[in-house]
Protein chains: 2
Amino acid sequence: MSETKRELILEAAMVLFEQRGFDGTTVPMIVDKAGVGAGTLYRYFENKEALVNTLFQECVNDVLETLNQSYPHDSNDSRKQFAHIAKQLVSYANKNLTALLFVDSHVNGYYLDEASQAAYMRLRTFFYEFIDQGKKNEIIRPLPADALIAIIDGAFISLYKSCRAGEIEETPELLAGVEEACWDAIRIH
Amino acid sequence: MSETKRELILEAAMVLFEQRGFDGTTVPMIVDKAGVGAGTLYRYFENKEALVNTLFQECVNDVLETLNQSYPHDSNDSRKQFAHIAKQLVSYANKNLTALLFVDSHVNGYYLDEASQAAYMRLRTFFYEFIDQGKKNEIIRPLPADALIAIIDGAFISLYKSCRAGEIEETPELLAGVEEACWDAIRIH
DNA sequence: CAGAACGGAATGAATATTCATTCCGTTAAA
DNA sequence: TTTAACGGAATGAATATTCATTCCGTTCTG
């Protein structure tokens, strides 16, 4: 039962933070949406900043865990690795799109503490390793990893924003097309 | 002379909004940075929201104007058009990177009014037309324009964020590489 | 031409509002 | 019955906005 309230608060905060940003979301908004008293929030979180940081770390770790699930670390087939990344990203988006968008939009927040930054760095390192290996094997372009990651990230995030807005429909063909476009962006031709 | 104070406020607000977001930036911060009295801000802008909206519209229009400068509207050569877009984007980034990042990070703000959204839509329409034409000529992939735009946008924005952070250096080779990666992402192979 | 009157621009202290956080009475659990 | 969880009004700090006043360049006036 005590876990429930904490979950309710985290869930409500995630939705609001994603929609309005950290500073644009007030504690009254959060507790209202969560259906708990203001004091309850402070039972579980030291303050508003501790709440975002906890939430951010949980989401980031969740995403990273999903990516790592049966990831072919030892393969030298970058295309296969990329297919896995794309598949897991899609899978996570369907499970918890809000979390994905929340992480994406809070990555540069000045309120993120060291633990949050470290957690995010671990996620980026996953991508760095994928890209470095592909560069070494001369499969992936010799461009800054950050730029290549941004291409993949930007494509998937915007894809799902459009899906959520009802502008486009998430079909297997569409997903395959976006995956191919991203792959063509990062691979050497 | 009366324009000067207004410009000072807009410039200070742009830098702060870009760094800390709309809600993370207080009016005292803005007037402090601008070196004007609090009341002066309200002489030129109805309130804080009117300030972001004015700023947003000015920046968006500025970007669009740059993109349109000698753009080959009537050409059917999508590659040439894309080269122009990339060149002008780079040119604008060098002129006013803060403005570019400000627009990018405020595009989804709940505080944007209709005029701001309309201005932004005009910018997107520029890209839509480029992509639609390329699709019609079977040069550009039949994917949602939003996803294709996101790839280009994501790549350039993240590139310049890395440059500004001093992580990478903006060389002609790098720019050419990113341009090529984006083009390979959107074109049919 | 001197200087008085004017008006718009600018100021920053004062005000009203909103917000994060605390505190304590109530409720539920053990 | 004791203890922990909870709610929400109360608090004080921070914030956006207002407004009475000053400042200064321009324009009238004698």
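See the structure above.
In short, a report on the structure. Predicted, not measured: the structure shown is a model, and the values here were computed from it. (Residues numbered from 1 in each chain as written. Chains lettered and ligands numbered in written order. Predicted model: local features only at pLDDT ≥ 70, side-chain atom pairs only at ≥ 80, totals over all residues. Heavy atoms only, no water.)

**Focus on the protein's contact with DNA strand C**
Moving on, step 1. What surrounds DNA strand C is a group of 17 residues, the closest being A:Val27, B:Lys5, B:Gly37, B:Thr40 and B:Tyr44.
Moving on, step 2. Among atoms of DNA strand C positioned within 4 Å of the protein, sugar and phosphate together represent 60%.
Moving on, step 3. Between DNA strand C and A:Val27 there is a distance of 2.5 Å, counted from a phosphate oxygen to a backbone nitrogen or oxygen.
Moving on, step 4. When contributions to the surface near DNA strand C are tallied by element, the ones reaching two or more residues are helix H2 (27–34) and helix H3 (38–44) of chain A together with helix H3 (38–44) of chain B.
Moving on, step 5. Ranked by the residues each element gives to the surface near DNA strand C, the list is headed by H3(B), at five residues.
Moving on, step 6. Class assignment of the residues belonging to the surface near DNA strand C gives a composition of seven nonpolar, seven polar and three charged. (Near = heavy atom within 4 Å. Polar contact = N/O pair within 3.5 Å; in protein donor to acceptor, adjacent residues only side chain to side chain. Helix = DSSP H or I, 4+ residues; strand = E, 2+ residues; numbered from the N terminus. Nonpolar A, V, L, I, M, F, W, Y, C, P; charged D, E, K, R; others polar.)

**Focus: the protein's contact with DNA strand D**
Moving on, step 1. Around DNA strand D there are 17 residues in total, and A:Gly39, A:Thr40, A:Tyr44, B:Val27 and B:Tyr42 lie nearest to it.
Moving on, step 2. Within 4 Å of the protein, atoms of DNA strand D come from sugar and phosphate in 66% of cases.
Moving on, step 3. In the model, a phosphate oxygen of DNA strand D is placed 3.1 Å from a nitrogen or oxygen of the A:Lys5 side chain.
Moving on, step 4. A:Ala38 is positioned with one of its backbone polar atoms (N or O) 3.1 Å from a base nitrogen of DNA strand D.
Moving on, step 5. Put simply, the parts of the chain that give the surface near DNA strand D at least two residues each are H3 of chain A together with helix H2 (27–34) and H3 of chain B.
Moving on, step 6. Broken down by element, the surface near DNA strand D gets its largest block of residues, five residues, from H3(A).
Moving on, step 7. Here the surface near DNA strand D is built from residues that sort into six nonpolar, eight polar and three charged.

**So, the pattern of salt bridges**
Moving on, step 1. Going through the model one piece at a time under the given rule, you end up with 17 salt bridges over all chains.
Moving on, step 2. For the salt bridge of A:Arg141 with B:Glu180, the shortest nitrogen-to-oxygen distance reads 3.4 Å. Placement of the pair is A:Arg141 in the loop between helix H6 (114–136) and helix H7 (145–164) and B:Glu180 in helix H8 (residues 172–186), with the two residues belonging to separate chains.
Moving on, step 3. A:Arg141 gets classed as buried once you look at its relative accessible area, which sits at 5%.
Moving on, step 4. The class for B:Glu180 is partly exposed, based on a relative accessible area of 42%.
Moving on, step 5. Across the pair A:Arg141 and B:Asp184 runs a salt bridge, and its minimum N-O distance is 3.0 Å. One end of the pair, A:Arg141, is in the loop between H6 and H7; the other, B:Asp184, is in helix H8, on a second chain. (Salt bridge = Lys/Arg side-chain N within 4 Å of Asp/Glu carboxyl O. Buried < 20%, exposed > 50% of the residue type's maximum accessible area, 1.4 Å probe, protein only.)

**Side note on the interface of chain B and chain A**
Where the parts come together, the accessible area they lose is often given as the size of the interface.
Moving on, step 1. Across the boundary between the two partners, chain B contributes 28 residues, which contact 28 residues of chain A.
Moving on, step 2. Interface area, chain B with chain A, both sides summed: about 2,200 Å², of which 64% is carbon and sulfur.
Moving on, step 3. Contact with chain A buries area across many residues of chain B, yet B:Tyr110, B:Leu143 and B:Ile151 alone supply 19% of it, more than any other trio.
Moving on, step 4. At the junction of chain B and chain A, the tally comes to four salt bridges.
Moving on, step 5. Where chain B touches chain A, the interface holds 10 residue pairs in polar contact (both at pLDDT 80 or more).
Moving on, step 6. Secondary-structure elements contributing two or more residues to the side of chain B that touches chain A are helix H7 (145–164) and H8 of chain B.
Moving on, step 7. The greatest single-element share of the side of chain B that touches chain A, amounting to nine residues, is contributed by H7(B).
Moving on, step 8. Taken together, the residues that form the side of chain B that touches chain A break down as 12 nonpolar, seven polar and nine charged. (Contact = heavy atoms within 4.5 Å. Buried area = accessible area lost by both parts, 1.4 Å probe.)

**Quick word on the packing of helix H4 (residues 48–68) of chain B against helix H6 (residues 114–136) of chain B**
Residues and elements named next belong to chain B.
Moving on, step 1. Across the interface, H4 lies against H6 with an axial gap of 9 Å and an inter-helix angle of 20 degrees. Viewed along their axes, H4 and H6 adopt a mutual orientation that is roughly parallel. Crossing angle aside, the handedness with which H4 passes H6 is left-handed. Contacts from Asn-53, Phe-56, Gln-57, Val-60, Asn-61, Val-63, Leu-64, Leu-67 and Asn-68 in H4 reach Ala-115, Ser-116, Ala-119, Tyr-120, Arg-122, Leu-123, Phe-126 and Phe-127 in H6.
Moving on, step 2. Among the residues making up the contact of H4 with H6, the classes are represented as 11 nonpolar, five polar and one charged. (Axes fitted to C-alpha atoms, helices over the stretch in contact; angles between N-to-C directions. Parallel < 35°, antiparallel > 145°, perpendicular 65-115°, else oblique. Left-handed = near helix turned anticlockwise from the far one by under 90°.)

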